[in-house]
Structures are given as structure tokens and as C-alpha cells.
Amino acid sequence: MNRPAVHAASGTPLGAADPRQEGPVDVRLVGPAVAAWAAAACALGAPGGWTAAGVALCVAVAVPLLLLGRVRRGAASPGRKAHATVCAAVLLCAAAGAASAGLHGADLRRGPLPGLAERYARVTVEATVTSDPRLTRVRVHGPRAAPASVVLDAEVTRVTTAGGAATEVRTPVLVIVPGAGPDWTRLLPSTRLRLTGRVAPPHRAGEPFAAVLRADAGPPRITGPPTALQRAAGNLRAGLRAASDGLPPDARALLPGLVVGDTSRIPSDLHDAFRATDLTHLLAVSGSNLTIVLLLLIGPFGSALKAERGGLAPRLGIPLRATALLGGALTLAFVLVCRPDPSVLRAAACGLITLLAIGTGRRRSLLPALAAAVLLLVLYDPWLARSYGFLLSVLATGALLTVAPGWSAALRRHRVPPRIAEALAATAAAQAVCAPVVAVFAARVSLVAIPCNLVAEVAVAPATVLGFAALAAAPVAMPVAGLLAACAGWPAGWIASVARTGAALPGAEAQWPGGWRGGLLLAAVTALLVVWARRARHRAWLAGACTVLLVLAVVRPPPLTRLVTGWPPPGWVFAMCDVGQGDATVLAAGGDAAVVVDAGPDPALVDRCLRSLGVGRVPLVVLTHFHADHVAGLPGVLRGREVGAIQTTGLQDPPDQAAFVRRTAAGAGVPVVRAAGAGERRRVGPLDWRVLWPGAAVAGAEPEGPNDASVALLVRVAGGTTLLLLGDLEPPAQQGLLRAHPDLAPVDVLKVAHHGSAHQDPRLLSRVRPRLALVSAGRDNSYGHPSPRTVGALRAGGAVVLSTDRHGAIAVTGRGRELSAATARGRGAGAGTPAGRGNNGCRERCETCAGAARPGRGRGGRRGARGAFRDHGGTATGAGRPGRRGRRRGRPVAGGGRGPGRPAGGRRAGRVRGPVGRLAGGAVGRPGRGGVRA
């Protein structure tokens, strides 16, 4: 072979003589790092005796392996010596990991705090803050919204019990301050506090703290200021926040999080959008941020040892070793400003090891650097072994170093441009290895993660570089920092818009089994897809067809979705969303417009419901009252839709929730008006409604609380169907409504008051005599909604009762005798007498005006998506032939399923569109295959 051929085969101009060429991948440190990681994870929370025995066993086996080559030099081959050494290294690192975890775990059990936590005692402690304060998300519990709490890590140095006994300790605790003010969120690490509260044991074993201290409310009692370094880091972060104050809302919230991991300004809806698109790694400062900073200084790592090295250092005349030292100082400053989170520590350790290799002039490889970083960090802080953030960071980095290069080369062989191939391979590799871990604790899979990461990636580097420039300029020249922040706001706003757009797609997320079983299942599916893709890579038509199917699954065009799932049913006029324990109902107003009555407790759930219904315009939002389970989801209604106005009840109670509504509406530029009270009439498209309550001028009928101040509406939709929406009215207000409207006539559909609670006025139920009663309640709610007594009273009056906790979202279609209801879970109710149970667990009891038919049992809804109810429109003249699975004691069954019913006289009863049968003209027929007993 001639010289050019040798050089070409080696891949370097100097051939095999090039001292800096990359050799085979060095994986010698991978085994010890994984062993230390696994041993530390297992030893945390384990009994001390078991940990000591495991460490002794590993050492006892490792020592003979190390001595094997020395004792029998001639007998042992070099290969056997090497294998023995590798095994000994793995065992010793496992022993070191287990020993470190055991010692850290023992620290948690020392001192009086663990015992006091078991007794839930009240204590006063002196503590040092060890983390940034972080806000919990607001939780809705029925009508109330629990205020956000401040959570921070601290190390207790002195504990005083209620009896006055004081003890000097060094014990880590988790501090929770409910309803804390802004003074708590401004605390810096190393600040010393005096706290009083009640201690409790950790929720789970293996937590990195000995107790949970629920501190008393009030301002923090500071006994010592933070250190100078922490004050400097805090000032830098505050300067970046001040420089970004004038940016648009999304950019203002995102830029500090993108640069230094400061997520204090990010609203819950933007955070949900990042989670749905798997872009949350941009909010948790990771190796990409540090890599961008180091690239500015030393250029690409591959050219750092060459004369043609890039970056600012050679242009400024900084020598190589001085460059490495400057990069190390920059890395330590990065950790200090961005805080030592797991991903930051992993990135910093990898960066320092790589800089050490560059400074010493040795051939470096990033995979050994990653393994060494994992080994050192796990031995230093064993709690990282159980950190999901650390696991995701290591897996993503490992995928970029091992999997992505091969996938990039394969894409380039298929004529994909190199830059696009590298970006696509890196994103796909990171997603493939991280998605199973995400599924373990999130029970979901993002279908838009790869395209959203690709589109957002182009803006990450500019936003990060300009953001760090603003961070550095803020202490010395705020106007310059503001200008740099304004420039960084453009790419930051782009990233936020990518997250919001991706999350708004109907199929952005897919539900997936949670836990380790779900994670392993997703890993297996991913592996099968990779193998299938390798075999089908030469079939372009197949790849194109799969891409089209994926796009359709994500976009979910309404006609196609309705064809496949049957939801929403065509011609729906009223829908009740499944939003958990709360209320959110929708009235079709023609085209893509709808009037929304209440917004439920969760913005994501109501937004998903409106998207599935195809609602793009909301002329009016009616909030019946200000309880959190009716108004907390308002941001989801406003998200991406044209909203005309928000109408509320007149009683501004609770005041905090009323203020939340006004604040949210003002942020979206939507006016808020109060209901004029009883007698007000409105018309929107085919909808016509009248306000029945509150405001009736009847003695004793004034609202006594938020529930009794609910706006009650009598709605007439296209075709004359009438609906009565009662909000959360209690019996006194229901009685007042009856007195104010003695001419109240029976209605077709009733939205049962207060989630079907037992507090109902029987005279109102008997007066309105609904044909269909709908209840909005959360599955397995602690209130017992809907009450069996209320459901029984409604059924005794001839109503068919459906509830969201059992049937999911419900949509009403048709009019008059064609009135029907479809359910998103494929469950519905027919109009027969005492019902039984279908295979999907739905149990309903309904009564007809004059029927003695008993519904049969089918095999669940077609594709699990449709259900139907049809009102009993006449007198049942005869019993039909019972279905094959529906016979009980020889009694006939009601028609149901997909097939047509067969009446006694042989006449077809009409096609049934869902798993629950319909009764037409009183005919009782044979159930179809999809019947559900109702």
C-alpha cells in the first residue's frame, strides 16, 4: 500500500504516526463508574449492616484478583491479568460507592431530629440555607386553591425542643413555608435562619434529608447574612432579571431560566408547554450552556491541541495552559452562579476533566471524561445516584458521545447535509435514551419532542451567549445589559413560541404506562423501532408513510379524528369536559365558536377538551362563581383562542380567586363584565339564554356564599333543546330560584348542581324533570360526588344520569326524540329499566316512562371512543329478542351496540352509533356487538 493510501486509511495526514489521532473508544472507566453508581443507589436507605457486609464482600473478592498477577506471574496470561484487574477495579469502586452512601445515610440518622420527626414534634432550629428557594405549584383542592409554598434545603446546626433542651447538630432538612411572602424567595444559600415549626419524617426512604420542617408563616428571621461569593452570584442573577424586565412576557420569563436556571418567573402554562415538548432541559442549566461558554473561549474541543485552534483565547494571545486554567475558573464561576444542580455538576466535572487533558497536552476522549465525572460525583455526593436529573443528564451526554455519531454518519450516507444530520442525530439519540426514563415518572411520551428540539436548538446558542453577556454587563453598565438582554429576548421568545406551538397540537403528548415497567416497555419499543428503521432504510415510501401517519397523529385533523375515534360526535350542541373535580361546559355557537361556562381547576385539561371539540373562538366565558374548581383553568380557555369577554357573578368571593380572574383576563386583554342578574338575556349565534340566578328580588333569596351566588342559566340551543345549568347552587338558593320563577318548565338536559352532591332541593328536581342529567365530578374524589341519593332521585324522575368520573367527557346531540349523548370513553347510558354492568365497568340504572326492558351486556365501545343515549320517546309495546350475552332470568334486553336493534315485530329500530343502545319509538331490540348495559 502506498503512502497516500496509508494516510487515507488512518484518517489523518500523518497516518499512524500522528500522536493526537483518536484511537478506539476507551471504555475502561465505564464499568467502575456504573458499579459505583449502582452500589450507591442500592446502599442509600439500606440497613447499615447490609451495606457493611456488601462492602466487605466486594473488598474480599477484589483483593485476591489484584494479587493474582503478582503471585502467579508465569501461569497467568496477560489477558487473564487484565480481566482480573478490571473486575477488581469494578468491585472496589462498588465498595467505595456503597461505603460513601452508607456513611452519608448514617449522618441522617444521627442526632435528635429523626426521633423528633417520628413524633411530629414542634422545634426551634438554627439552620443554614443550602439551596435557592423554589415555589411549589398552586394546587386546587375542591373550591379552594392552596397557596404556593416556598421550599428550600437547609442544614440544621442547633435544635431546641419544646421543653427547652438544645443540641448542636449538623443535619440536613427540607423546609416548607406555606403561603410565604417574597422575602423568602430572595434568600441566598449560606444565609442563617432561626425557624420554628413542626417536623415530620420524609415521605419516602432514601431522601437526602432527615426530616421535613413545616415552618410557621411569617417573614424569615435572619441571624446571619450570606457569604460574599453567594452575594456576588445573587447580584449577578438579580442583574440579569433587571436587564430583562422590559422584554415581552415569555422572553422576560424564559431568559433567566435559559441562562442561569432561574425559573422563578416562568408561569405554569409555559412550564407545561416545555414539559409537553420535552424542552425542560433548557430550563435546567445543563452541559450545553457550559459547552457554549467554553467554545467561545477555546473553540471546538477537537482542535484545542492544534495550532489551528479556535475561540477567543488564541486571538487574545492566551497560551494553551493559561487557557485551560481560565476555562477552569470560568467553569467554577458557572457552577456558583447557576447553582450546583445535578446536571450542572455533571457538566462542570466533564468540562474540568477535559480542560485538564487539554492543559497537560494529553490525548483526550470525552467518554472517559464522562465516566470519570460520574465516578467522582457519585463518591462525593451519593444522593446523585438516585437523582432523575443526574440520570437524564448522563444518559443524554452518553448518547451524544456514542449513539449520535453513528446515526449522523448514516444520515450523511443518505445525502443529508452534515449540519442537519448532526443536529437530527443528536436530538434523536438523546430522546431515544431519555424518553424511557421520563416515562417512568411522567407516564407520558412526547410525540413532538424531536421536531421541537430541532427547531428550538437554532436559538439556544444566541440566547445563551447574549444572556451571559447581559449577566456580565449588568453590574457595571445596566443600559448595555438591557440592550444585550433585548437582543437575547428575540431567540428566547422564539424558543417559548416553539414550546407553546408544539404543546398546542392535539397529539403533542401520548399517555404511556408509568413506573419502571412502562419505562422498560418504552425502551423495548424504541429498540424495535431502531432495528426496524435500519432494515427499512432503503424503502423510502415506507418511511414517508410512517412520517405522514405520525404527522396525522400529532395534528389530528378534526374530520379524521372524528372518523377514527367518533369524538366529538357530529352536530354536538352541548359538551361537558372531563376536568376532574370541577366544572367546565361548552355550548356550540356555530362553526368553531362556542360559549364556555366555567373553566375547571386545570388549564391543561380544559384546553385539551376545547381542542378536541375544535373550539377556536369563544365569544363569551361565563364563570358562575369564583371557586377555584370553576376558575383556575381560565388560562387554558384563553390559550391560543379569540375570546370576546368574561362574565362573572356579582359576589367577588373568594377575593383571591376573583383577583386571579381579573389578573388573568388583563394579561390576555379580555374585558371582564359582571352578570346583570336574573332576567338578563343574551344571544350568540344559535344560542339563546336567560339568567335565572342570582339577583332575584325575592325575600330570603339573596346569596349567602359563593355557591349560592352561582350564575344559573336557562339555555335554548338550535332545534329547541333546553338546558338548565345550575352551577353550584345549594338548596336555599335552589328554593329561591323556584320562588322567583314559578313558571319554570321541564328541561331536556340538566347540569346537576354542585357536582351531584347530596345537597339538592327535591322540588326543583321534580319541577324540571330532565330527560338527561349530567354530573361533572372527579374520579375517586374525596367528597363522594355524585351522591347516590341524588342520582337515585334523578333516575326516579325518569332521567338518564351520566357523570364525567365514570364516562369521561360527554357531548349532547340531536333534539326532541332524537336527543342523545356520546361519551369520550365509550360509555353511555340507554333508556331501559334497572341496569347491570358492561365489560368496561360502567354501571347505570335508568327508568323509562313506560318500559320494562332490561339492557343487555355488550363487549365495550368500538375503539373505546363512542357512546350514545337516546331518549325514550314513546311506549314500549313489546319486548324484543334478548341478546346473546344479555339474558338474565329470561328477561328481555334493550337494544345497543353497533348493529341495528331488532324489534319484536321484525321492524329495524335504526342504526346505533355507539356502544350504548338506543330505544326508538319504544321498540326494544337485540343488542349489537358493542353494547354497554345502561
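Refer to the preceding data block for the structure.
Bear in mind the structure is a predicted one, so any value in this text is a computation, not a measurement. Every chain's residues receive numbers from 1 upward, in the order its sequence appears when written. Reporting of local features is limited, given that this is a predicted model, to residues whose pLDDT is at least 70; pairs of side-chain atoms are given and counted only at 80 or more, and all residues count toward the totals for whole chains, interfaces and linings. Side-chain calculation: all heavy atoms of the structure are included, whereas hydrogens and water are not.

Now for the sheet that holds strand 23 (residues 722–725). When DSSP finds at least two bridges between two strands, those strands are taken to pair. The helix and strand labels rest on DSSP assignments: H or I over at least four residues marks a helix, E over at least two residues marks a strand, and numbering proceeds from the N terminus. Spatially, 7 strands are ordered 20-21-22-23-24-25-26 in an open sheet, and the strand pairing comes out mixed. Looking along the sheet, the strands with just one partner apiece sit at the ends: strand 20 (681–684) and strand 26 (800–803). Put simply, the sheet's adjacent strands are angled 20 degrees from each other on average, direction ignored. Alignment of strand 24 (residues 749–751) against strand 25 (residues 772–775), held across 3 bridges, turns out to be parallel. When the bridges of strand 25 are listed, Val749 appears paired with Leu772. Only the stretch in contact is used when a helix axis is fitted, and all axes are lines through C-alpha atoms; the angle between N-to-C directions ranges over 0 to 180 degrees.

The next thing to look at is helix 7 (residues 228–243). The end-to-end C-alpha distance of helix 7 is 22 Å, a good match for the 22 Å that 16 residues give at a rise of 1.5 Å each. Turning to helix 7, its buried residues are Gln230, Ala233, Gly234, Arg237, Gly239, Leu240 and Ala243. Contacts: residue pairs with any heavy atoms within 4.5 Å of one another. Against the buried residues of helix 7 lie helix 8 (249–260), helix 12 (320–338), helix 17 (449–473) and helix 18 (478–504). Multiply 1.5 Å by the residue count of a helix minus one, and that product is the helix's expected span. Throughout this description, buried means an accessible area under 20% of the type-specific maximum (1.4 Å probe, protein chains only), exposed means over 50%, and partly exposed covers the range between.

Cysteine sulfur atoms are paired as a disulfide whenever they come within 2.5 Å of each other. Across all of its chains, the model carries 1 disulfide by this definition. Sulfur-sulfur distance for the disulfide between Cys577 and Cys609 comes to 2.0 Å. Here the disulfide of Cys577 and Cys609 is left-handed, its torsion about the S-S bond being about -75 degrees. Of the two residues, Cys577 sits in the loop between strand 12 (572–576) and strand 13 (585–588) while Cys609 sits in helix 22 (residues 603–613), which places them 32 residues apart along the sequence.

We define a nonpolar core as any set of buried Ala, Val, Leu, Ile, Met, Phe, Trp, Tyr and Cys residues linked to one another through side-chain atoms lying within 4.5 Å. Ranked by size, the top nonpolar core spans 85 residues in total, and within it Leu255, Phe274, Leu279, Val374, Phe390 and Ile495 carry the most contacts. Excluding residues that lie within four positions of it along the chain, Phe274 makes contacts with Leu254, Leu279, Thr280, Leu282, Leu283, Ile495, Ala496 and Ala499. Ala594, Ile646, Phe660 and Val661 belong to the second largest nonpolar core, which has 33 residues in total.

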